[in-house]
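For reference, the chains in residue letters:
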Amino acid sequence: MPVEDINTHAWKVYGQRQLARAYAPPIPDQMSWAPWEGVGPGGEVLGDITGRRVLDIGSGAGHHAVHLAQAHGARVTGIELSPTQHERAASSHADVEGVEFTQGDVAEYLAGAEPFDAAYAIGTLGFIDPHRALPALRDGLRPDAPLILSLLHTDLHGRGPSTEVAPREQMILLRDDPPLPTQMWVLAPQLWEDLLPEYGFRVEAIDLLHHPDENAPVIQQLIRARRLPDRPARVASRPRSTRPPMSHAAVGVGAILLSEQGLLLGRHRRGTLELPGGTVEAGESFEAAVVREVGEETGLIARPGDVRLLGTLVDHIEGVLRVTVGALVHAWRGQPATQPDESVGDWAWHPLDQLPDGLFVCSAQILTAWRPDLPIDHTPAHFTPFTHGTPTTTTVDGLA
């Protein structure tokens, strides 16, 4: 059964059970982003929402929406996929001023709705594929609108978040009834820090909300994000001068290929030992440059998907700025061999604990950026790693 069908069925059954009990949660005195009262901030994290249109994603029984309308003066729309959950909210709060409840899919609803001034989801966005939900929310929110998400971080079994964007089974528990299996995206904060900017949001804070009982394993994430301003449709640019620029920088790549036999190094005509690599050509990505240079110099065949970029190294030589992008090649086909008309050849594998003297300085800098423990001397360079978060700049000094 598709993931969305599993979740739709689970929440329909959950709503049926609560309707049978005639249970409606009380309207809270303060917004609560976790299942436990008195933990974390309240509705103030949404900012001043007086008179503003606010979207409640997965509004459930509707009690949070009613609180925001009555205590903060917001005009709240609750969107709920489950028809039984929607029935709970509509039957209890249909006459509350400033609140309306809609049954349907949030992405489909937002495609035809006027953009909202704010949106929030309390424990519900984890049941929707973020690659589907986040672009819909970007298009369904006004620029600079807050998006507040409460999400599961660590479950009842002490199982922490995933490090890949994929759903996993979680159970909805209800007293005296069997648990309901669902599929849920329980993602590490670092993944949300990648996903939200990818879809047009700025992450302002991610807090972990702990259970009042320190022995309880459950932890919630509270993510505060904001819709980024729209970019102009087209931005004019001034063409370059027809005169060729003075040479002031050189950009190249260097590739680390590590097998069971060791590290691949070739000998330059000048005598230095080097990693495969060379100059990046105009209009070429770094990954494509790595694949091309490896093929031209060694005869090995790799694909751009086999390349992981490590970061940039910046230093100067004779007044020219030199930028070198180091890369790790995970897979390739063939055997390395000297290629015609190439300046580097005699390719051989060298154990990491028996590296030879005479390494080319760029290759040495790439290797110590990759493995700072390698005992290699070289001139220093500034290294900026390519990471999932904010890049950090360090100095690669070598052992000189």
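Notes on the structure in this doc start here. (Residues numbered from 1 in each chain as written. Predicted model: local features only at pLDDT ≥ 70, side-chain atom pairs only at ≥ 80, totals over all residues. Heavy atoms only, no water.)

Structural notes on the overall build of the protein chain
Here is step 1: In terms of regular secondary structure, the protein chain is built from eight helices and 18 strands.
Here is step 2: The C-alpha atoms of the protein chain give 28 Å as radius of gyration, which overshoots the globular expectation for 400 residues (21 Å, by more than 25%).
Here is step 3: Counting only C-alpha atoms, the protein chain reaches 85 × 55 × 40 Å along its principal axes.
Here is step 4: Taking the contacts inside the protein chain whose residues are at least 6 apart along the sequence as the reference set, 64% of them involve residues at least 24 apart.
Here is step 5: Put simply, the protein chain shows about 21000 Å² of open surface, and 51% of that area lies on carbon and sulfur atoms.
Here is step 6: Side chains of the protein chain give 31 positive and 51 negative charges; the mean places of these two sets differ by 5 Å. (Helix = DSSP H or I, 4+ residues; strand = E, 2+ residues; numbered from the N terminus. Rg over C-alpha atoms; globule rule 2.2 N^0.38 Å. Contact = heavy atoms within 4.5 Å. Areas by Shrake-Rupley, 256 points an atom, 1.4 Å probe, with all protein chains shown as cover. Lys, Arg positive; Asp, Glu negative; His and termini not counted. Charge placed at Lys NZ, Arg CZ, Asp CG, Glu CD.)

Some words on the nonpolar core
Here is step 1: Formed by 31 residues in total, the largest nonpolar core has its most connected members in Leu 55, Ile 57, Leu 125, Leu 137 and Leu 147.
Here is step 2: Those elements giving two or more residues to this core turn out to be β1 (53–57), α4 (106–111), β4 (118–122), α5 (130–140), β5 (146–154), α6 (189–198) and β9 (219–227).
Here is step 3: Leu 125 has contacts with Ile 57, Ala 133, Leu 134, Leu 137, Leu 149 and Leu 151, leaving out every residue within four places of it along the chain.
Here is step 4: Formed by 30 residues, the second largest nonpolar core is a distinct cluster that contains Ala 69, Tyr 120, Ile 148 and Leu 222. (Core = buried A, V, L, I, M, F, W, Y, C linked by side-chain atoms within 4.5 Å. Buried < 20%, exposed > 50% of the residue type's maximum accessible area, 1.4 Å probe, protein only.)

So, the side chain of Thr 84
Here is step 1: Inspection of the secondary structure puts Thr 84 in helix α3 (residues 83–93).
Here is step 2: If we ignore the near neighbours within four places in the chain, the residues touching Thr 84 are Trp 11, Lys 12, Gly 15, Gln 16 and Leu 19.

So, the pairing of β5
Here is step 1: For β5, the tally of buried residues reaches nine of nine residues, placing the bulk of the element in the interior.
Here is step 2: Pairing between β4 and β5: four bridges, direction parallel. Bridge pairing in β5 places Ala 121 opposite Leu 149.
Here is step 3: With α5 bridging β4 and the parallel β5, this β-α-β connection has right-handed handedness.
Here is step 4: Here β5 pairs with β9 via eight bridges, running antiparallel. Note that in β9 the partner of Leu 149 across the bridge is Ile 223. (Pairing = 2+ DSSP bridges. Right-handed = clockwise from strand over helix to strand, strands pointing away.)

Details of α5
Here is step 1: What α5 keeps buried is the set Pro 130, Ala 133, Leu 134, Pro 135, Ala 136, Leu 137 and Gly 140.
Here is step 2: Close packing links the buried residues of α5 with β1, α4, β5, α6 and β8 (201–210).
Here is step 3: For α5, the side-chain oxygen to backbone nitrogen distance between the N-cap and His 131 is 3.0 Å, and the N-cap itself is Asp 129. (Polar contact = N/O pair within 3.5 Å; in protein donor to acceptor, adjacent residues only side chain to side chain.)

Observations regarding a nonpolar patch on the surface
Here is step 1: On the surface, Leu 156, Met 171 and Leu 173 cluster together into a nonpolar patch covering about 310 Å² of accessible area.
Here is step 2: Mapped onto the elements of the fold, Leu 173 is located in strand β6 (residues 168–174).
Here is step 3: For Leu 173, a relative accessible area of 54% gives the class exposed. (Patch = residues over 30% accessible without salt bridge, like charges linked within 9 Å, V, L, I, M, F, W, Y side chains within 5 Å. Salt bridge = Lys/Arg side-chain N within 4 Å of Asp/Glu carboxyl O.)

With respect to unusual backbone geometry
Here is step 1: One non-glycine residue, Ala 22, adopts positive backbone phi at about 55 degrees.
Here is step 2: Here Ala 22 is to be found in the loop between α1 (3–21) and β1.
Here is step 3: Ala 22 gets classed as exposed once you look at its relative accessible area, which sits at 69%.
Here is step 4: Even without being glycine, Asp 144 reaches a positive phi, approximately 75 degrees.
Here is step 5: Along the chain, the position of Asp 144 falls in the loop between α5 and β5.
Here is step 6: Looking at Asp 144, the relative accessible area reads 45%, which means it is partly exposed.

Some words on helix α2 (residues 63–72)
Here is step 1: Counting buried positions over the ten residues of α2 gives seven, a clear majority of the element.
Here is step 2: Considered for burial, the residues of α2 that qualify are His 63, His 64, Ala 65, Val 66, His 67, Leu 68 and Ala 69.
Here is step 3: For α2, the secondary structure elements touched by its buried residues are β1, β2 (75–80), α3, β3 (99–103) and β4.
Here is step 4: Once α2 finishes, Gly 73 follows within two positions and takes phi at roughly 70 degrees, a positive value.

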